[in-house]
Amino acid sequence: MNLTEISQAMDAFFQTFLGKLALIAIIVLLSLLVVWVLRGTIGHVVDRIVNGVKRSNNADDTKELSVSPLAAVRVVQRTRTIGTVLSNIVNVLVAVIATVLIVNTIDQNIIGSLALLTAALGAGLGFCAQNIVKDVLNGLFMVMEDQLGVGDVVDLGPATGVVEAVGIRITQVRDVNGTLW
């Protein structure tokens, strides 16, 4: 068998039901591998930054940084928050790409016929979720610009208290009465 005949045999196999199942399995396995590698890389970078901050402040544990300068604690918090966001972005992107590849493997005409429906659905979801997107973007800017951090005293209007946790969408503040906002 020459290379052309092998290629034709493989094309014929991947057109069968069993061949399509094999392609779907390959796509799923490669997607999981990509997520694993990217999340491992993000985790490695986050750990290197956190360990570098701990090493520069002679701290063995992140909790020991609370007695160190505030800047070191903030770098660790920001790095971990951004690492979490990047991991979630990786998960979503790989899931969307894998889904499109799987649907395309099942039937190539489905993608074309669903394009208009998907666009309309995306526009509707985008319009409905604009407050969530706005919150996420504002949270990213707050974290990147280091506007507030754990331990800061803030005045939010109805509540004044100490920041307990800072995330992308949610910042937790405990007021003087012990209420968590």
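Anything mentioned here points back to the structure above.
Now for a look at the structure at hand.

Within the structure shown, the criterion is met by 1 cavity of 30 Å³ or more. Its volume calculated, the largest cavity comes out at about 80 Å³. Lining the largest cavity are 10 residues, and of these Q77, R78, V143, L148 and V166 sit closest to its centre. Counting only elements with at least two residues in the lining of the largest cavity, the list comes to α3 (70-106) and α5 (130-145). Per element, the largest residue contribution to the lining of the largest cavity is 4 residues, and it comes from α3. Considered class by class, the residues forming the lining of the largest cavity number 4 nonpolar, 3 polar and 3 charged.

What follows concerns the environment of I82. Note that I82 resides in helix α3. The exposure class of I82 is partly exposed, given its relative accessible area of 23%. Separated by 36 residues in the primary sequence, I82 and V46 have C-alpha atoms spaced 8.7 Å apart. The residues touching I82, leaving out its near neighbours within four places in the chain, are V143 and M144.

Conventions used here
Residues numbered from 1 in each chain as written. Predicted model: local features only at pLDDT ≥ 70, side-chain atom pairs only at ≥ 80, totals over all residues. Heavy atoms only, no water. 1 Å grid on protein atoms, 1.4 Å probe; cavity = no way out; pocket = protein on both sides within 12 Å on 5 of 7 lines; lining within 4 Å. Points joined across faces, edges and corners; volume = space filled by probe spheres on them. Helix = DSSP H or I, 4+ residues; strand = E, 2+ residues; numbered from the N terminus. Nonpolar A, V, L, I, M, F, W, Y, C, P; charged D, E, K, R; others polar. Buried < 20%, exposed > 50% of the residue type's maximum accessible area, 1.4 Å probe, protein only. Contact = heavy atoms within 4.5 Å.

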